[in-house]
Structure formats: C-alpha cells, structure tokens
Amino acid sequence: MSIGSPAGDDVIVASTSGPLSGEVTVPGAKNSVLKLMAAALLADGRHLLTNVPVIEDVAIMTDLLGAVGLRISAAPAAAGESGQHLEIVNTGAITPIAPFEVADRIRASVNLVGPLLARFGHIDIALPGGDDFGGRPIDMHLRGLEKMGAEFQVTPDGLFGRCARLQGAAIEFEFPSVGATENIVTAAVLADGVTVITNAAREPEIVDLCDMLRRMGARIEGAGTNTITVTGVEQQALHAATHEVVTDRVQAATYMAAVAMCRGDVLVRRANLDHMGMLVERFREMGVSIEPADDGARVRCDGPLRSVNVSTLPYPGFATDYKPLIVAMLAMADGTGIVTENLYPGRFRYVEELRRLGAEIDIDGHHAVIRGVGHLDGAIVNAPDIRAGAALVVAGLAAQGITEIHDVHHIDRGYDDIVGRLAGLGASVSRIRRSAGA
Ligand code: EPU
C-alpha cells in the first residue's frame, strides 16, 4: 500500500484488532479548555489550568493568546494526573488586536471577542477558522453583543467591534449556540447590570466555563439550564483562578466506540456518564454494555451490534461530534440505521471515506441511511476533520486487513495521543512519523 500524504503529515496505520482490554484514561476536553484559556483574559494574575489535553488546538490557542499579551507555559502533570498543566499569566498588558494569521487557524478564536470587548471596549480579529462543515456564521454572537451596546463591522479581513461599557441585557437565542452562549456569558461578567440569556446552550463545557468564571469572582446562575443569569461585576472584583478541565466526552465516546466495534472489556477512566446520557442510551440499544465503574465507566461488547436511528441535537441531545463514531458502528451493525444531522449541513463528508472501507451509506439531504454490512475492509482514507478522523481510526481497527489514515493533522487538533491510548488497549495501531520535506 502506498503512502500518499503531503510531506510532513504523519500517517496512522490500523489493522484488525480486538477484543480490546485494559484501561484508558480520558483527557480534558478540547471544547472546554480553549474557552477557559480565553476566559483568563478577563482577570489579571496567575491562572492555573490542570487536566489540559496535549493537542494542537491548545498550542494554537497558546500562540493566539500569547500574541495578545498573555504569558502561557505548559508543564507536565503530576504523577497520577493526566494531560499537562497550563500556567496563564495575565499582567493586564493586553492588546485587543489579534493577529489574523493565528486567529484564522482556530474556531475558538471567536471566544476572544466577549472578554476583549468587555475589558477594552474594542476588538480587531480575523473571522474564525476551524473545521469546515459548511457555513459557520457568528450572527447570534454579534446580535447578542449588539444588544449589550457593541457595534460591529465585518469585512473580508475580519471583525472590528467597539463599545462603551457593555450593558446587561435580555438575550434570547433562536438556537442554543455553544459559542454564542460562551461569548455572551464572558462579556456579561464585566457588564453594567444583569444579563439574562434564554435558550442558552447547556453543554457540560458551558458549565465548566461558568465554574471557572465563578472562581474568578463572576456572578453567574443557571449554568447547565436554558436560562443563564450573569450579574456584572467591576474589574477589580475579578482575580486569577485554578481550575481542572472537565473530561472530554467525545474522546470518552471514541474509546467506547472502539470497544463496540472491536469487542472487548475496557475501563474508560474519568468518563463522566452523567454528561453522556443520550450516547449511553443509544450504545446500549446497539448491544454495548456501559456501566458506571470506579473513576469512570466499564464498557463491554461481545456480540454483533444492532442498528438504531439517531438525530443530532444540542445537549442533552445526541452530540453532532459523536456522529461519525456511530455512523462507523452502524456500518457494521445488523440492519439499517438512519442518522439525521441537525446542526451542520455539511457534516457528512467523511461518508465517502467510510465507503472506501466497504460501508454502504446513502445520503439524502441531512439524513444518512446506513445499511450494516458484515465486515469492513482496510483501505487508504483521509481524515476530513477531527471527529471523522478519529472515527476512521476506530473503523480501521474493526476492518479486515490494513487501513491507512492520512491527513492526521486534523486528528491532532483534538485528540491527545489516540494511537498510544488505543495501542494500550491491545489495538494494532501505529503512527508513521514523516518529517517535513520527506
Ligand atoms: N450558528 C449560527 N449562528 C451563530 C452561531 C451558530 O447559525 O451565531 C449555527 C452554526 O452554524 C451551527 C450551529 O449553530 O450550524 C451550532 O453552532 P454552535 O455555535 O453551537 O457551535 P460552535 O460553538 O461553533 C462548538 C464546538 C463544535 C461542536 C459544536 C456543537 C468548539 C470550539 N466547537 O462549536 O466542536 O460541534 O459546538 O456542539 O467548542 C469539534 O470539536 O470537532 C467541533 C466541531
């Protein structure tokens, strides 16, 4: 099999594996830590984040926040802990002008808008990059901040915002957007008066952000419900905080899906089943046993998977980020399953890659119809984004023969050593390092 990735991009090679056994520890959540890092803009002092995943997006966010004036250094976690520690020093010497070449590389750059506007009254930043699932507008972020008194100009070069002190406001979202909820909450922390967000996002990562903000001196109620109330405080009331990043529920789901597809009996340490209710329900319907266990969840599967139908929805619904995993599982299950995508119109591009492994999947609008086939066959595939890339690695372990996963840099954005963790469960998977220019 030839290796056709661009020079410098590693290749993951997976071959038929299972049953898996042993234990795997799930790192902290990408979609929380990036927002916690941005929240450190709000208060001067030395912040400390623990359980930080070692992923590319954290490195990009470190560059971006460094460019606006935060001093960020990483240190290995203490023995027995996972991930790394990040010390974030905010001396107050910050500029609200974010360099385009860094901001453009990561979706979470939009999370700088709320804190910087609230603190400095202006912002100048590239429009957010990140995975391309079709249009990913930020109109709800901007409308919410406009209600608080900000004015924006959007040009092909970026986003320019201005405001006097932001004013508390009643903001009702037409859709519980994760990013818009985060931006309004962080902006409201320093606003004058009370901000009430209705139809707010309820994701565990929003609760994590609000927990850290409260530790910093913010006054927030209702995190985790659809109404969040933020009572603005003065700048002097805020201080630096120490905070442990919540477990990554999508990485936890990835290791559970690996057990489902390869069979086995695995302890998924730090998995928080309270944050994964809908996924656990669907996996159990498919024949996977998931039970709470000491410090995590015990996941077992010893028979064929059964098909189910799934619709992605905002939390507590079935997360869109789980979707490529369950589509891969359905590709090998008995019967036909329908997966409906309700968040991102363009998030079915990896289906073509699964078809290379022999999956039978038809797309009809925002529905994927997956006819389970007895087995998948190894092939060369490309990771189109973080979550789809991880699903292809897992599918490669279940396929007959060898699967090469290219464009691994997408997976690196959000997964902390997926190869090492799967290999630790007995999976046949390795990473071929390719140096730039090779
Ligand atoms: N939307 C709008 N207008 C807005 C904001 C959102 O139309 O102003 C739409 C989006 O276009 C999308 C939907 O609402 O169709 C959901 O967007 P949301 O704002 O909830 O998502 P996000 O904050 O952009 C985060 C995660 C995504 C995850 C979604 C949904 C981060 C950095 N990203 O994105 O994670 O899929 O929430 O749960 O937190 C990933 O980790 O691979 C990933 C893509």
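All figures in this text were calculated on a predicted structure; none of them were measured in a lab.

Below, the discussion takes up the domain arrangement of the protein. As assigned here, the protein comprises domain 1 (10-26 + 247-433) and domain 2 (30-244). Computed from C-alpha atoms alone, the centre-to-centre distance between domain 1 and domain 2 is 30 Å. Residue-level contacts link 25 residues of domain 1 with 22 residues of domain 2. Between Glu 205 and Arg 249 there is a salt bridge whose closest N-O contact spans 2.8 Å.

What follows is about unusual backbone geometry. Pro 19 follows Gly 18 through a cis peptide bond whose omega is 0 degrees. Here Pro 19 is to be found in the loop between β1 (11-15) and β2 (20-25). Its identity is not glycine, yet Arg 270 carries a phi of approximately 75 degrees, on the positive side. For Arg 270, the position within the fold is in the loop between β14 (264-269) and α9 (277-285). Although it is not a glycine, Asp 295 sits at a positive phi angle of roughly 60 degrees. Structurally, Asp 295 is set in the loop between β15 (289-293) and β16 (296-301). Residue classification places Asp 295 among the partly exposed residues on the basis of a relative accessible area of 43%.

This part covers the pattern of salt bridges. Opposite charge on two side chains allows them to pair when their charged atoms are near. Inspection of the entire model under this criterion finds 25 salt bridges. Across the salt bridge formed by Arg 143 and Glu 174, the nearest N and O atoms sit 2.8 Å from each other. On the criterion of sequence distance, the pair formed by Arg 143 in helix α5 (residues 139-147) and Glu 174 in the loop between β9 (170-172) and α6 (178-188) is long-range, its members being 31 residues apart. Taking the shortest distance from any N to any O, the salt bridge between Arg 282 and Glu 285 comes out at 2.9 Å. Taken together, the residues span about one helical turn, with Arg 282 and Glu 285 both in helix α9 at a distance of three residues. On the basis of relative accessibility, which here comes to 18%, the residue Arg 282 falls in the buried class.

Attention now goes to the pairing of β16. As defined by bridge partners, β14 adjoins β16 across six bridges and the pair is classed as antiparallel. Following the sheet pairing, Gly 264 is matched in β16 by Cys 301. Note: β15 against β16, five bridges, orientation antiparallel. Each residue of the ladder has a partner; that of Ser 289, found in β16, is Arg 300. Hairpin remark: β15 followed by β16, antiparallel, with two residues in the connecting loop; positive phi at Asp 295, about 60 degrees.

Looking now at the sheet that holds strand β3 (residues 45-52). Pairing between the strands of a sheet comes from backbone hydrogen bonds, and it takes one of two forms, parallel or antiparallel. If you trace the four strands from one edge of the open sheet to the other, you get β4-β5-β3-β13, paired in mixed fashion. Each edge of the open sheet is held by one strand with a lone partner, namely β4 (71-76) and β13 (242-244). Between one strand axis and the next, the sheet turns by 15 degrees as a mean value, whatever way the strands run. As judged from the six bridges shared by β4 and strand β5 (residues 84-90), these two strands associate in the antiparallel manner. Residue pairing in the sheet places Ala 74 in a bridge with Leu 86 of β5.

Attention shifts here to the packing of aromatic side chains. Note on aromatic pairs: each is described by the distance of the centres and the angle between the planes. With the rule as written, the count across this model stands at one aromatic pair. Here the aromatic rings of Phe 318 and Tyr 322 are separated by 5.4 Å at their centres, their planes lie at 70 degrees, and the arrangement is edge-to-face. The residues Phe 318 and Tyr 322 share a single accessibility class, namely buried. Its guanidinium or amino end placed over the ring of Phe 348, Lys 323 lies 3.9 Å from that ring's centre, counting from NZ or CZ.

So, about the site of the ligand. Of all residues adjacent to the ligand, which total 23 residues, the nearest are Lys 35, Asp 139, Met 140, Ser 177 and Leu 343. In the environment of the ligand, a nitrogen atom lies 3.4 Å from a nitrogen or oxygen atom belonging to the backbone of Pro 137. One nitrogen or oxygen atom from the side chain of Asp 321 is found 2.7 Å from an oxygen atom belonging to the ligand. Here the ligand has 830 Å² of accessible area as a free molecule, and 91% of this is covered by the chains. Residue classes in the shell around the ligand are distributed as eight nonpolar, six polar and nine charged.

Our focus in this paragraph is the nonpolar core. Nonpolar side chains in soluble globular proteins generally cluster together in the buried interior. Met 256, Leu 354 and Leu 376 are the most contacted members of the largest nonpolar core, which has 81 residues in total. No other element matches helix α8 (residues 249-262), which puts eleven residues into this core. Every residue in contact with Leu 376, bar those within four places of it in the chain, is listed here: Met 261, Ala 331, Met 332, Leu 357, Gly 358, Ala 359, Ala 395, Ala 399 and Gln 400.

Another aspect to go through is the environment of Gly 365. Relative to the helices and strands, Gly 365 resides in the loop between β19 (360-364) and β20 (367-371). According to the relative accessible area criterion, Gly 365 is exposed, its value standing at 59%. Taking the C-alpha atoms as reference points, Gly 365 and Glu 341, separated by 24 residues in sequence, lie 9.1 Å from one another.

With that out of the way, let us pick up the side chain of His 243. As for its placement among the helices and strands, His 243 is situated in strand β13. Here His 243 falls in the buried class, since its relative accessible area comes to 3%. Setting aside its immediate chain neighbours within four residues, His 243 contacts Leu 36, Leu 48, Leu 49, Thr 50, Asp 208, Asp 211, Met 212 and Arg 215.

A few words now on α6. By the criterion of burial, α6 is predominantly enclosed, with ten of the eleven residues buried. Burial in α6 covers these residues: Gly 179, Ala 180, Thr 181, Glu 182, Asn 183, Ile 184, Val 185, Thr 186, Ala 187 and Ala 188. For α6, the capping residue at the N-terminal end is Ser 177, with a side-chain oxygen 3.5 Å from the backbone nitrogen of Gly 179.

The rules we used
Residue positions are given per chain, counting from 1 as you read along its sequence in written order. Residues qualify for local features only when their pLDDT is at least 70, as the model is predicted, and side-chain atom pairs are given and counted only at 80 or more; totals for whole chains, interfaces and linings, by contrast, use all residues. To get the side-chain values, take all heavy atoms of the structure and skip hydrogens and water. For every domain, the bounds stem from an assignment made automatically or drawn from a database. We call two residues in contact when some of their heavy atoms are within 4.5 Å. Only one rule defines a salt bridge in this text: a Lys or Arg side-chain nitrogen within 4 Å of an Asp or Glu carboxyl oxygen. Numbering of helices and strands runs from the N terminus, with a helix taken as a DSSP run of H or I at least four residues long and a strand as a DSSP run of E at least two residues long. Only protein chains enter the accessibility calculation, which uses a 1.4 Å probe. A residue is then buried if its area is under 20% of the maximum for its type, exposed if over 50%, and partly exposed in between. Two strands are counted as paired when DSSP detects at least two bridges linking them. Axis definition: a line fitted to C-alpha atoms, over the contacting stretch in the case of helices. Angles run 0 to 180 degrees between N-to-C directions. Any two of the Phe, Tyr and Trp rings considered here, Trp counted by its six-membered ring, make a pair once their centres fall within 6.5 Å; the pair's planes then place it as stacked at under 30 degrees, edge-to-face at over 60, or tilted in between. By definition here, charges over rings are those cases where NZ of Lys or CZ of Arg is within 6 Å of the ring centre and within 35 degrees of the ring normal. If a single non-hydrogen atom of a residue is within 4 Å of a molecule or strand, that residue counts as near it. Identification of polar contacts relies on pairs of N or O atoms within 3.5 Å, with a donor-acceptor requirement for protein atoms, meaning one able to donate a hydrogen and the other able to accept it, and with residues adjacent in sequence counted only if both atoms are side-chain atoms. Working definition of accessibility: Shrake-Rupley area with a 1.4 Å probe, residue cover restricted to the visible protein chains. All residues other than Ala, Val, Leu, Ile, Met, Phe, Trp, Tyr, Cys, Pro, Asp, Glu, Lys and Arg, Gly among them, are scored as polar; the first ten of these are nonpolar and the last four charged. Take the buried residues of types Ala, Val, Leu, Ile, Met, Phe, Trp, Tyr and Cys, join any two whose side-chain atoms come within 4.5 Å, and each joined set is a nonpolar core.

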